[in-house]
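Results of the structural survey
So the chains spell out like this:
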Amino acid sequence: MQEYWEAYVKPIDGHKAMVSFNASVGDGVPHFEYMYIGFVKVKLKNPREDGLVTQEESDDIGFIEDRLEMESLRWRVGKYIGRIVTQGEVNFIYALKLDFEWSNTVNEAMKHFEDYQYEYGSKQDIDWEVYKKLLFPTLKEWQIIVNHHACDNLKEQGDRLTQERAIEHKSYFLTEAKRNEFIENLLHEGFIKQKEMEVPFQEKILYGVQYYRIDKPFYYDIDALTMKLIDMTEEYNGNYDGWESSLVVH
């Protein structure tokens, strides 16, 4: 399986945290081959004011990350599943088959970085609670990840994202009545209905609606808009299904 990673920012214990996670292992968790969780907590030398990694120190953290991965492969202890940076510390998180060689793995890696303070540990995590509850994003956090990928794609094509344009959205509901109530709410918010859809799904019919409004697709603008639409959709027991925008190049 080819690995791919995602990253997002969220608060943890009231502090800003940058969370990176191995999204390729998300399908099918828990993986019962890996019954333990291992962590290495490395103290940053000169963190940013918000507790995250400075540009100057990011290379060193990357070297530590690479060395831990190399040693985990050499000792065959497990799989790298996530990293959390918060409060001036970097937490590297591994899913382990067994944990009795975890100390050897960590110490062999960290002996190359004697000027860094670190601690490590492990515990049983059969149900992958750390991955599911700490690393894996919520529905809204996933939407922000998707938003930023879409914004990045538009920018790469020359779109400054500051020009207002029609942004299309879709939402789906379990009943026609809930869809109709949602549409009525949409109209009060200045959206225009484009079409209604009935889509077969798992021996049921989902009642969808496509709609648009003139908005800006800039990062924080589209984040705020989609968070509101998720809340509005969930109010009627529905699911928000994302947005599309035309390319505007000046």
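Residues numbered from 1 in each chain as written. Predicted model: local features only at pLDDT ≥ 70, side-chain atom pairs only at ≥ 80, totals over all residues. Heavy atoms only, no water.

**Re the pattern of salt bridges**
- This structure, assessed with the given rule, holds 21 salt bridges.
- We note a salt bridge from Arg83 to Glu65, for which the minimum N-O separation is 3.8 Å. Residue Arg83 is found in strand 4 (residues 78-86), and its partner Glu65 is found in helix 1 (residues 55-75); the two are separated by 18 residues along the sequence.
- According to the relative accessible area criterion, Arg83 is buried, its value standing at 19%. (Salt bridge = Lys/Arg side-chain N within 4 Å of Asp/Glu carboxyl O. Helix = DSSP H or I, 4+ residues; strand = E, 2+ residues; numbered from the N terminus. Buried < 20%, exposed > 50% of the residue type's maximum accessible area, 1.4 Å probe, protein only.)

**Side note on the sheet that holds strand 1 (residues 5-12)**
- Reading across from one edge, 1-2-4-5-3-6 is the order of the six strands in this open sheet, with antiparallel pairing throughout. The open sheet terminates on both sides in strands that have one partner only, identified here as strand 1 and strand 6 (118-124). Mean inter-strand twist for the sheet, computed between neighbouring axes without regard to direction, equals 20°.
- As paired strands, strand 2 (residues 15-22) and strand 4 are joined by five bridges and run antiparallel to one another. Paired with Ser20 across the two strands is Arg83, which belongs to strand 4.
- In the packing of helix 2 (residues 102-110) onto the sheet, the strands contacted are strand 3 (36-43), strand 5 (89-96) and strand 6, and the crossing angle to strand 6 comes to about 160°.
- Strands in contact with helix 4 (residues 139-156) are strand 1 and strand 2; relative to strand 1, the strand with the most contacts, it is inclined by about 130°. (Pairing = 2+ DSSP bridges. Axes fitted to C-alpha atoms, helices over the stretch in contact; angles between N-to-C directions. Contact = heavy atoms within 4.5 Å.)

**Focus on helix 1**
- Under the 1.5 Å per step criterion, the end-to-end length of helix 1 is 31 Å for 21 residues, consistent within 8% with the ideal 30 Å.
- Every buried residue of helix 1 is accounted for by Glu57, Ile61, Gly62, Ile64, Glu65, Leu68, Glu71 and Ser72.
- The elements touched by buried residues of helix 1 are strand 3, strand 4, strand 5 and helix 2.
- Once helix 1 ends, the next one or two residues include Arg76, with phi positive near 55°. (Expected span 1.5 Å × (residues − 1).)

**Considering the sheet that holds strand 10 (residues 239-245)**
- The sheet built from four strands is open, its strands ordered 8-9-7-10 with antiparallel pairing. Looking along the sheet, the strands with just one partner apiece sit at the ends: strand 8 (192-201) and strand 10. Ignoring which end each strand starts from, the neighbouring axes of this sheet average 20° apart.
- Here strand 7 (residues 165-173) runs beside strand 10; their pairing, made up of five bridges, is antiparallel. Each residue of the ladder has a partner; that of His169, found in strand 10, is Trp243.
- Those strands touched by helix 6 (residues 219-235) are strand 7, strand 9 (204-215) and strand 10, and its axis lies near 150° from that of strand 10.

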